[in-house]
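Here is what each chain is made of, one letter per residue.
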Amino acid sequence: MTKRDYDAVVVGSGPNGLAAAITMQRAGLSVLLVEAKELPGGGMRSAELTLPGFIHDICSAIHPLAALSPFFKTLPLDQHGLQWIYPEIAAAHPFEDGTAAALYQSIRQTAQSLRNDGQAYTKLIMPLVEKWPGIAADLLRPLHFPKRPVDMAFFGIKGLTSAAYLVKRFDTKELRGLWAGMAAHSIQPLSNVATSAIGLVLMVVGHLNGWPLPKGGSKEIGNALASYFESIGGKIETNFFVHSLEQLPSAHAVLFDLTPKQMLQIAGHQFSSFYQWQLKHYRYGMGVFKIDWALDGPIPFTATECRKAGTVHLGNTWEEIAASEQLTWDGKHPDRPFVLLAQQSLFDPSRAPEGKHTAWAYCHVPNGSEINMIDSIERQVERFAPGFRELILGRHTMNTAQMEAYNPNYIGGDINGGVIDVRQLFTRPVLRLSPYTTSAKGIYICSASTPPGGGVHGMCGYYAAKKALKDIFKLEALSID
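Residues numbered from 1 in each chain as written. Predicted model: local features only at pLDDT ≥ 70, side-chain atom pairs only at ≥ 80, totals over all residues. Heavy atoms only, no water.

As annotated in an unreviewed UniProt entry, the chain carries the name NAD(P)/FAD-dependent oxidoreductase and comes from Paraflavisolibacter caeni.

Right, here's the structure in full:
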């Protein structure tokens with residue numbers, strides 16, 4: 001193998017870029033990680049977006065998968081400053097009558113909040129919670145023959161259905177509404193095949209570990225990963241925006257924590273015409289419109305459960321949420337959008353001055369939309385928390401164009417790196433024996449546009465690095481199974 005400046009270069013320092021860099025550095029290679037921004041982290045950053053002393057998460061906020069990630073579990077991130085905070089209630093779902101359903105870590109408590117559907121919920125979720133430790137690694141990796149095929153089939157029978165099909169099992173507005181909010185994290189119509197998978201995973205990990213938030217802001221996850229990478233000999237260069245392969249130091253392998261659109265811009269000339277054609281036909285999903293608020297007090301939700309929850313889903317009934325997501329998918333802007341809201345300062349006083357609070361929220365919008373959704377989102381919050389608007393001291397907004405400008409991986413505001421419907425569930429970004437390889441030797445893709453998709457878990461980066469280690473260096477990655 002001829003001499004190179006580095007064994008491997010990783011472009012982009014989101015959770016997957018950091019995971020790829022760490023995996024290769026732990027295998028004994030020399031690795032350079034380059035990042036366009038001043039600080040590493042990708043979607044894991046926090047800043048004073050509104051007023052001095054108010055710390056807001058710019059992109060990701062609550063991290064159900066991070067604390068349970070098979071890859072992150074192998075890292076001593078607590079020794080690098082990462083501390084998880086666990087709200088009493090992972091997620092709450094209020095209704096217009098002042099009541100709410102809630103996802104507690106306890107299945108029994110959750111079932112109690114679902115009234116007459118408690119038994120149906122327990123019957124659905126208990127077996128999945130029990131089977132999760134044996135199937136987690138298989139669910140969070142590319143298509144393969146699982147180690148526990150029977151257990152995986154048990155999950156698949158439910159997960160590969162549409163959320164609209166599974167909701168037929170439920171009778172009460174409580175469980176139907178809670179289920180709608182969970183499944184809407186799939187960012188597609190709830191009638192689509194496999195939308196149940198996202199909702200089920202979020203519920204299962206909520207019971208196993210809650211939905212934690214990092215003390216001090218999401219930036220602390222990126223800081224901890226970067227700190228660990230450097231502690232084992234890795235090198236990071238920031239303010240390094242990559243426009244072409246020629247900018248990069250020479251290396252035997254280059255891994256891109258980027259989506260197909262950027263891959264084509266940077267390295268398209270290296271790819272076969274067929275691979276270029278495949279990347280050009282990759283599909284991006286709905287975007288988001290996001291608001292951060294500096295508040296004079298906690299959000300005055302009518303339902304008590306919402307005041308104890310890290311995450312609140314605002315959309316009322318199943319019917320209303322399903323209709324809202326379908327309208328958005330069809331290119332329209334619903335008057336009452338489904339809103340995902342986080343209230344980190346209730347549990348982490350470091351996020352705001354004493355007696356003050358922050359809140360973080362977004363709604364789904366058509367990809368590329370520049371429509372201002374402030375009024376629609378704030379009316380949804382006010383609907384379940386009368387008096388909310390009177391508490392606003394400042395706000396910061398980002399439409400889809402601003403989201404993409406901040407993080408070029410968010411094409412048209414798509415925070416999932418591409419739609420995760422059944423057509424792209426197992427073939428992201430293209431149909432290949434390995435989704436992480438490209439048609440050019442030594443060039444790999446390790447972003448959320450590869451399996452298992454979006455979320456702060458690092459698994460895309462780990463598996464891409466594992467493939468590169470085997471192909472180029474004839475080395476094995478540290479096992480996480």
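Peer 1: What is the right way to look at the overall build of the chain in this model?
Peer 2: Assigned secondary structure in the chain consists of 15 helices and 16 strands. Against the 2.2 N^0.38 benchmark of 23 Å for 481 residues, the chain shows a C-alpha radius of gyration of 21 Å, consistent with a compact globule. Each of the three principal axes of the chain carries a C-alpha extent, and together these read 70 × 55 × 45 Å. In the chain, buried positions account for 63% of the 481 residues. Residue pairs at least 24 apart in sequence account for 75% of intrachain contacts in the chain once pairs closer than 6 positions are excluded. (Helix = DSSP H or I, 4+ residues; strand = E, 2+ residues; numbered from the N terminus. Rg over C-alpha atoms; globule rule 2.2 N^0.38 Å. Buried < 20%, exposed > 50% of the residue type's maximum accessible area, 1.4 Å probe, protein only. Contact = heavy atoms within 4.5 Å.)

Peer 1: Just to check I follow, could you spell out the sheet that holds strand S2 (residues 31-34) for this structure?
Peer 2: Hydrogen bonding along the main chain pairs the strands of a sheet, whether they run parallel or antiparallel. The parallel open sheet is built from five strands, whose spatial order is S9-S2-S1-S10-S16. The sheet is open, and its two borders are formed by strand S9 (235-237) and strand S16 (443-445), each paired with just one other strand. With strand direction ignored, the average angle separating the axes of adjacent strands in the sheet is 20°. Across three bridges, S2 lies against S9 in parallel orientation. In the sheet register, Leu 33 faces S9, and the bridge partner there is Ile 236. Its contacts with the sheet place helix H1 (residues 15-26) against strand S1 (6-11), S2 and strand S10 (251-256), and it is angled at close to 170° to S2. (Pairing = 2+ DSSP bridges. Axes fitted to C-alpha atoms, helices over the stretch in contact; angles between N-to-C directions.)

Peer 1: Looking at this model, I keep getting lost on the packing of helix H3 (residues 118-139) against helix H4 (residues 149-159). Mind explaining?
Peer 2: Pairs of packed helices are described in terms of their axes, by the angle between the two and the distance that separates them. Where H3 contacts H4, the two axes come as close as 9 Å, and the packing angle between them is 115°. Judged by the sense of rotation from one axis to the other, the crossing of H3 with H4 is left-handed. Here Leu 124, Pro 127, Leu 128, Lys 131, Ile 135, Asp 138 and Leu 139 of H3 come into contact with H4, specifically with Asp 151, Met 152, Phe 154, Phe 155 and Lys 158. Its residues placed into classes, the contact of H3 with H4 shows eight nonpolar, no polar and four charged. (Left-handed = near helix turned anticlockwise from the far one by under 90°. Nonpolar A, V, L, I, M, F, W, Y, C, P; charged D, E, K, R; others polar.)

Peer 1: So what exactly am I meant to see when it comes to helix H6 (residues 173-183) here?
Peer 2: In an α-helix there are 3.6 residues to a turn, and that puts residues three or four apart on one side. For H6, the buried fraction is high: 10 of the 11 residues fall into the buried class. Of all the residues in H6, the buried ones are Glu 174, Leu 175, Arg 176, Gly 177, Leu 178, Trp 179, Ala 180, Gly 181, Met 182 and Ala 183.

Peer 1: Would you explain the packing of H4 against helix H7 (residues 195-209) in this entry?
Peer 2: Axis separation between H4 and H7 bottoms out at 8 Å; the angle between their running directions is 120°. By the angle between their directions, the pair H4 and H7 is classed as oblique. Packed against H4, whose contacting residues are Phe 155, Lys 158 and Gly 159, the element H7 presents Ser 196, Ala 197, Leu 200 and Val 201 at the interface. The residue makeup of the contact of H4 with H7, split by class, is four nonpolar, two polar and one charged. (Parallel < 35°, antiparallel > 145°, perpendicular 65-115°, else oblique.)

Peer 1: Teacher, can you tell me more about the nonpolar core here?
Peer 2: Proteins that are soluble and globular tend to have nonpolar side chains buried together. Grouped together as the largest cluster of nonpolar side chains are 57 residues, with contacts concentrated most on Ile 125, Trp 179 and Trp 211. In terms of residue count, the dominant contributor to this core is H3 (eight residues). The next biggest cluster of nonpolar side chains, apart from the first, holds 43 residues, and it includes Phe 72, Tyr 444, Val 456 and Leu 469. (Core = buried A, V, L, I, M, F, W, Y, C linked by side-chain atoms within 4.5 Å.)

Peer 1: When you look at unusual backbone geometry in this model, what are you seeing that I'm missing?
Peer 2: What you tend to see is this: most non-glycine residues have negative phi, and most peptide bonds are trans. Following Arg 428, the chain continues to Pro 429 via a peptide bond in cis, the omega torsion being 0°. Along the chain, Pro 451 connects to Pro 452 via a cis peptide bond; the corresponding omega equals 5°. Its place among the elements puts Pro 452 in the loop between S16 and helix H15 (459-473). Here Asn 239, not a glycine, exhibits a phi torsion of approximately 55°, which is positive. Assignment of secondary structure puts Asn 239 in the loop between S9 and S10.

Peer 1: Any chance you could explain a nonpolar patch on the surface here in plain terms?
Peer 2: A contiguous nonpolar surface patch, about 320 Å² in accessible area, is contributed by Leu 143, Leu 160 and Phe 426. Along the chain, the position of Leu 143 falls in the loop between H3 and H4. Judged by relative accessible area, which is 64%, Leu 143 ranks as exposed. (Patch = residues over 30% accessible without salt bridge, like charges linked within 9 Å, V, L, I, M, F, W, Y side chains within 5 Å. Areas by Shrake-Rupley, 256 points an atom, 1.4 Å probe, with all protein chains shown as cover. Salt bridge = Lys/Arg side-chain N within 4 Å of Asp/Glu carboxyl O.)

Peer 1: Teacher, can you tell me more about the pairing of S1 here?
Peer 2: Each regular strand displays side chains that alternate between the two surfaces of the sheet. Among the six residues that make up S1, five are buried, leaving the element largely enclosed by the rest of the structure. The sheet contact formed by S1 and S10 spans five bridges and is parallel. By the bridge assignment for S10, Val 9 is matched with Val 254. Both S1 and S2 contribute to a ladder of four bridges, which runs parallel. Each bridged residue has a counterpart across the sheet, and for Ala 8 the counterpart in S2 is Val 31. One crossover worth recording links S1 to the parallel S2 by way of H1, and it is right-handed. (Right-handed = clockwise from strand over helix to strand, strands pointing away.)

Peer 1: Explanation requested: H1 in the structure shown.
Peer 2: Between its first and last C-alpha atoms H1 spans 16 Å; for 12 residues at 1.5 Å apiece the expected length is 16 Å, and the two agree. Across the 12 residues of H1, 11 count as buried, placing the element largely inside the fold. Those residues of H1 that fall on the buried side of the exposure criterion are Pro 15, Asn 16, Gly 17, Leu 18, Ala 19, Ala 20, Ala 21, Ile 22, Thr 23, Met 24 and Gln 25. Residue Gly 28 follows H1 closely and has a positive phi angle near 100°. (Expected span 1.5 Å × (residues − 1).)

Peer 1: Before we go on, may I ask you to explain the sheet that holds strand S15 (residues 392-398) in this structure?
Peer 2: Strand order across the open sheet formed by seven strands is S7-S6-S12-S13-S14-S11-S15, with mixed pairing between neighbours. Looking at which strands have only one partner, the edges of the open sheet turn out to be strand S7 (100-104) and S15. Strand-to-strand, the axes of this sheet are offset by a mean angle of 20°, without reference to chain direction. Here strand S13 (residues 339-342) pairs with strand S14 (residues 357-365) via four bridges, running antiparallel.

Peer 1: For this particular structure, what's the right way to read the packing of aromatic side chains?
Peer 2: Going through the model one piece at a time under the given rule, you end up with nine aromatic pairs. When the centroid spacing of 6.0 Å and the interplanar angle of 15° are considered together, the rings of Phe 274 and Trp 277 count as stacked. Of the two residues, Phe 274 and Trp 277 both sit in helix H10 (residues 273-280), three residues apart, roughly one turn of that helix. Judged by its relative accessible area of 51%, Phe 274 is exposed. Taking relative accessible area as the criterion, Trp 277 reaches 48% and is therefore assigned partly exposed. Lys 131 extends its terminal NZ or CZ atom over the ring of Phe 154, reaching a point 5.0 Å from the ring centre. Lying across the ring of Phe 154, Lys 158 places its NZ or CZ 3.8 Å from the centre. (Phe/Tyr/Trp six-rings, centres within 6.5 Å; stacked < 30°, edge-to-face > 60°. Lys NZ or Arg CZ within 6 Å of the ring centre and 35° of its normal.)

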